[in-house]
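Coordinate analysis (summary)
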Amino acid sequence: MVVLGIESSCDETAAAIVADDRRILADTIFAQIAEHTPFGGVVPEIAARAHLDHLDDTIAAAMRQAGLDFKDLDGIAVTGGPGLIGGVIVGVMMAKAIAFAHGKPFIAVNHLEGHALTARLTDAVAFPYLLLLVSGGHCQLLVVEGVGRYRRLGATIDDAAGEAFDKAAKLMGLGFPGGPAVAAAAAKATAPFRDLPRPMKGRPDCNFSFSGLKTALRQRVDALRAAGAFDDTARADLAAGFQQAVVDCLIDRTSHALAMAKADHPTLSALVVAGGVAANQQLRAALQELAAKHGLPIVAPPPRLCTDNAAMIAWAGIERFRLGELSDFDYAPRPRWPLDSAASALAGAGVKA
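Below: a short report on this structure. The residue numbering used here restarts from 1 in each chain and proceeds along that chain's sequence as written. In view of the model being predicted, local features appear only for residues whose pLDDT reaches at least 70, and side-chain atom pairs are presented and counted only at 80 or more, with totals across whole chains, interfaces and linings using the full set of residues. Computation of side-chain values: all heavy atoms of the structure, hydrogens and water removed.

Alternating positions in strand β9 (residues 271-274) separate into two faces, L271 and V273 on one and V272 and A274 on the other, with burial throughout. Examined bridge by bridge, strand β6 (residues 129-134) and β9 share four bridges and lie parallel to one another. Following the sheet pairing, L131 is matched in β9 by V272. Note on pairing: DSSP must find at least two bridges between two strands before they are called paired. For the purposes of this entry, the term helix denotes a DSSP run of H or I that reaches at least four residues, the term strand denotes a run of E that reaches at least two, and both are numbered from the N terminus. Both β9 and strand β10 (residues 298-299) contribute to a ladder of two bridges, which runs parallel. Across the sheet, residue L271 finds its bridge partner in β10, namely I298. Handedness rule for crossovers: strands pointing away from the viewer, path from the first strand over the helix to the second running clockwise, crossover right-handed. In the classification by handedness, the crossover that spans β9, the intervening helix α9 (residues 281-293) and the parallel β10 is right-handed. Relative accessibility under 20% of the residue-type maximum defines a buried residue, over 50% an exposed one, and the middle range a partly exposed one, all with a 1.4 Å probe and only protein chains included.

What follows is the structure in structure tokens.
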């Protein structure tokens, strides 16, 4: 089985072709960094227009890279949500058009499920496993029990970790995208700030919060500016302190979730991390140490497959196709699409869970 995947939920225009033996035959991405950098963040309307401008060429490049024609495909998978609705619409309509024109099956994939199942594409991880999903819009801990079977243990009650990195980078004047910018600055630190708060640390649940940490950072930046001491050295030390605080919060919450997950699933196979923030090397090292304490392997996909990409969408489509699950051509794109629909609603960003 060979499936074309299309991803356009945020600021990456992507197409990939994946085979059911886990080979990635093509993987193309048009990154919209230049379009959004002047604004310090993703502008939904600009993102949607960029998808319109570049999706045709991106898909064509993937087909050339794989050396295939549309008639060689067994199905078309596309991000059907959640995400910025303008971009999701662009991708869904393109996928429908290709599927209809060439008589191919069509399936709308949950973007979060793409992240959740990436470890099965890269490492053939067996169910069940604990997933830390950390991206620009989502921060969740889920037990992945099977395809379409997700139990949420915790989620953010305000900012996601990636969103917090973007806002922190903007506060410190480090540029966009925030995660890599903060990590690069932190690498130059000589005396990292160690007194920034660790919100929710030690609480009995598995939820996250980053808004208080972001506020503390803003107050520290303001104080340094007022004292005329906000220079490159201060930026680096603040970036290191902020990054460490985020990692500490993620590790604390994940440690608690691991205990809960292992109690219900003694055969838990791995700790998996996915999403854009999973590319952070300091977080990966801390998670590896945590997983070892629990006697589990840590599975972290290559950085290219952590950030938004179409290979994960194609693979999730393959997993669904194997179960005989297809979408109708009247499928409506979804700005919100929880993986665990039975989980209780949370405040703030939790509505995106």
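On to the sheet that holds strand β4 (residues 75-81), then. Pairing in this open sheet of five strands is mixed, and the strands run β3-β2-β1-β4-β5 from one edge to the other. Either end of the sheet is taken by a strand with one partner, and the two such strands are β3 (24-31) and β5 (106-110). Within the sheet, the average angular offset between the axes of one strand and its neighbour, ignoring direction, is 20°. In the sheet, β4 pairs with β5 via five bridges, with the strands oriented parallel. Each bridged residue has a counterpart across the sheet, and for V78 the counterpart in β5 is A108. A contact between two residues is defined here by any heavy atoms of the two lying within 4.5 Å. Only the contacting stretch of a helix is used when fitting its axis, a line to C-alpha atoms as for every element, and angles between N-to-C directions run 0 to 180 degrees. Across the face of the sheet, helix α3 (residues 85-102) comes into contact with β1 (2-7), β4 and β5 while running at roughly 160° to β4. Across the sheet, helix α11 (residues 311-322) touches β1, β2 (12-19), β3, β4 and β5, and the angle it forms with β2 is around 45°.

The next subject is the environment of I29. Relative to the assigned elements, I29 resides in strand β3. C-alpha of I29 to C-alpha of R198: the two residues are 169 residues apart in sequence and 35 Å apart in space. With residues near it in sequence (within four places) discarded, I29 still touches E12, T13, A14, R304, D308 and N309.

A few words on the nonpolar core. Among soluble globular proteins, nonpolar side chains are generally buried collectively. Buried Ala, Val, Leu, Ile, Met, Phe, Trp, Tyr and Cys residues form a nonpolar core when they are joined through side-chain atoms within 4.5 Å. Ranked by internal contacts, the top residues of the largest apolar core, which has 54 residues, are L130, V134, M172, F210, F242 and L250. For this core, the secondary structure elements donating two or more residues are β6, β7 (139-146), α5 (161-172), α6 (178-186), α7 (211-226), α8 (232-264), β9 and α9. Ranked by residues supplied to this core, first place goes to α8 with 14 residues. Sequence-distant contacts of L130, that is, excluding residues within four places in its chain, are made with L142, V143, L153, T254, A257, L258, A261, L268, A270, L271 and V272. In this structure, A14, I107, L305 and W315 belong to the second largest nonpolar core, which totals 34 residues.

Our focus in this paragraph is the packing of α5 against α6. At a minimum axis distance of 7 Å, the contact between α5 and α6 shows a crossing angle of 60°. As far as their axial angle goes, α6 and α5 are oblique. As for how α5 packs across α6, the hand of that crossing is left-handed. Residues F165, D166, A169 and M172 of α5 form the contact with α6, whose participating residues are G178, G179, A181 and V182. Throughout, the ten residues Ala, Val, Leu, Ile, Met, Phe, Trp, Tyr, Cys and Pro are labelled nonpolar, Asp, Glu, Lys and Arg are labelled charged, and all others, Gly among them, are labelled polar. Residue classes in the contact of α5 with α6 are distributed as five nonpolar, two polar and one charged. An angle counts as roughly parallel when it lies under 35 degrees, as roughly antiparallel when it exceeds 145, as roughly perpendicular when it falls between 65 and 115, and as oblique in every other case. Handedness of each helix crossing follows the sense of rotation of the near helix against the far helix: counterclockwise by less than a right angle gives left-handed, clockwise gives right-handed.

Another aspect to go through is a nonpolar patch on the surface. Think of a patch as exposed residues, more than 30% relative accessible area, with no salt bridge, where like charges cluster within 9 Å and nonpolar side chains (Val, Leu, Ile, Met, Phe, Trp, Tyr) cluster within 5 Å. All accessible areas in this document rest on Shrake-Rupley with a 1.4 Å probe, and a residue is counted as covered only by the protein chains that are shown. Take a side-chain nitrogen of Lys or Arg and a carboxyl oxygen of Asp or Glu: if they are within 4 Å of each other, that pair is a salt bridge. Taken together, the side chains of I85, I89 and M93 make up a nonpolar region of the molecular surface, amounting to roughly 260 Å² of accessible area. As for its placement among the helices and strands, I85 is situated in helix α3.

With that settled, consider the packing of aromatic side chains. Side-chain rings of Phe, Tyr and Trp, where Trp is taken by its six-membered ring, are said to pair if the distance between their centres is within 6.5 Å; with planes under 30 degrees apart they count as stacked, over 60 as edge-to-face, and otherwise as tilted. Taken as a whole and assessed by the stated rule, the structure comprises six aromatic pairs. Centroid distance F106 to F329: 5.8 Å. Interplanar angle 10°. Geometry classified as stacked. Highlighted residues: F106 in strand β5 and F329 in the segment after α11, separated in sequence by 223 residues. Judged by centre distance (6.3 Å) and plane angle (40°), the rings of Y331 and W337 are tilted. Using a relative accessible area of 17% as the deciding quantity, one classes W337 as buried. Among the aromatic residues, those joined into a cluster by ring pairs are F100, F106 and F329.

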